Amino acid sequence: MPSRSSRTGHPRTARRGSADPLRIRRYRPGDRAFYARSIERLQDHLRALDRTGMVQRPPGFGARYARVALPLIRRYHGRILVAERDGRPVGFVAAYVRPRNRMRDLELRPGRHGFVMDLYVAPSVRGQGIGTALLRAAEGFLAERGCVRLFLDVFAPNGRAHSLYRRLGYTDFGILMTAAVARPRATDRSGRYSGRSSK
Ligand SMILES: CC(C)(COP(=O)(O)OP(=O)(O)OC[C@H]1O[C@@H](n2cnc3c(N)ncnc32)[C@H](O)[C@@H]1OP(=O)(O)O)[C@@H](O)C(=O)NCCC(=O)NCCS
């Protein structure tokens, strides 16, 4: 597992691409509006890439997402790290320690696993190493929490993020597939399924 960050509880300065130093710090309550807005932009990004029509961004999405995600991240000993430049937030990463799961404990080698939930960088500052710095900081945080392996999901059409993760040492592991299914009809003569009334 690639983990080379220093202690992530402290502000870090870094990175190529700008004279303004980048600082990575813990999320604080005043970041909530930035977080919610970024989540909406991330969702818009995914929706624009989606060919199935499944991805949606209903009204109030960012605020609603924050209401669910923030307690979940707390419960699973996670953290949101915010990248700041010139005193303004420009990106974030959210990560937590995956809760134990009896089935997974059976199927996978034992050991604490971390999960990187979301990564986002504002469009105007992309390509400057901020996403990389955020991910490395999340890795450092999770390693400090005792994680020996990290997982993250990437939306299949999000090629740019996928290649970034690959470049940073992540390996494809499982593919989530989807299909629309027709509602079964009781009069289906094919014999494949007739156990249910369509009424
Ligand atoms: C994926 C994302 C977090 C990467 O952030 P970033 O700050 O651009 O990442 P980095 O600069 O560290 O590295 C990105 C690499 O991809 C390239 N890249 C990614 N997005 C880019 C963009 N919009 N413009 C130019 N280059 C881009 C960079 O050139 C860089 O390549 P390099 O390391 O060879 O220089 C960012 O593009 C983003 O927020 N995308 C929308 C949300 C998203 O897809 N999140 C991931 C969900 S799984």
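Remember, predicted model here, so these are calculated numbers, not experimental data.

What counts as what
- Residues numbered from 1 in each chain as written.
- Predicted model: local features only at pLDDT ≥ 70, side-chain atom pairs only at ≥ 80, totals over all residues.
- Helix = DSSP H or I, 4+ residues; strand = E, 2+ residues; numbered from the N terminus.
- Buried ≥ 20, exposed ≤ 12 C-beta atoms within 10 Å, placed from the backbone.
- Contact = placed C-beta atoms within 7 Å.
- Pairing = 2+ DSSP bridges.
- Axes fitted to C-alpha atoms, helices over the stretch in contact; angles between N-to-C directions.
- Parallel < 35°, antiparallel > 145°, perpendicular 65-115°, else oblique.
- Left-handed = near helix turned anticlockwise from the far one by under 90°.
- Nonpolar A, V, L, I, M, F, W, Y, C, P; charged D, E, K, R; others polar.
- pLDDT = per-residue confidence, 0-100.
- Core = buried A, V, L, I, M, F, W, Y, C linked by C-beta atoms within 7 Å.

### Describing the overall build of the protein chain
Right, on to step 1. Within the protein chain, the regular secondary structure consists of five helices and six strands.
Right, on to step 2. N-terminal to C-terminal, the α/β element order of the protein chain is β-β-α-α-β-β-α-β-α-β-α.
Right, on to step 3. Counting only residues that meet the buried cut, the protein chain has 23% of its 199 residues in that class.
Right, on to step 4. For the protein chain, long-range pairs separated by at least 24 residues make up 61% of all intrachain contacts whose partners lie at least 6 apart in sequence.

### Description of the pairing of strand S4 (residues 88–97)
Right, on to step 1. Where burial is concerned, most of S4 is hidden: nine out of the ten residues are buried.
Right, on to step 2. Note that strand S3 (residues 79–85) and S4 share seven bridges and pair antiparallel. From the neighbouring strand, Arg79 faces S4, where its bridge partner is Ala95.
Right, on to step 3. The hairpin turn running from S3 into S4, its antiparallel successor, is two residues long, and Asp86 in that turn takes a positive phi close to 55°.
Right, on to step 4. Relative to strand S5 (residues 113–121), S4 runs antiparallel, the two sharing seven bridges. Residue pairing across strands places Ala95 opposite Val116, the latter belonging to S5.

### A closer look at the packing of helix H1 (residues 32–49) against helix H2 (residues 61–75)
Right, on to step 1. Relative to each other, H1 and H2 sit at 115°, their axes nearing to 8 Å. It follows from the interaxial angle that H1 and H2 lie roughly perpendicular. The two elements H1 and H2 meet at a crossing, and its hand is right-handed. Each of Arg32, Tyr35, Ala36, Arg37, Ile39, Glu40 and Gln43 in H1 lies in contact with H2, whose residues at this interface are Phe61, Gly62, Ala63, Tyr65 and Ala66.
Right, on to step 2. Partitioning the contact of H1 with H2 into residue classes produces seven nonpolar, two polar and three charged.

### With respect to the confidence of the model for the protein chain
Right, on to step 1. Averaged over all residues, the pLDDT of the protein chain is 89; the fraction at 70 or higher stands at 83%.
Right, on to step 2. Taken as a whole, residues 1–15 scores under 50 in pLDDT and shows 37 contacts with residues more than four places along the chain or in a different chain.

### A look at the nonpolar core
Right, on to step 1. Membership of the largest hydrophobic core comes to 30 residues, with the highest contact counts inside it found for Leu81, Ala83, Phe92, Val93, Leu134 and Ala138.
Right, on to step 2. If you list the elements that add at least two residues to this core, you get strand S2 (22–26), H1, S3, S4, S5 and helix H4 (130–144).
Right, on to step 3. Per element, the largest residue contribution to this core is eight residues, and it comes from H4.
Right, on to step 4. Excluding its chain neighbours within four sequence positions, the residues that come into contact with Leu134 are Ile24, Leu81, Ala83, Gly91, Phe92, Val93 and Leu119.

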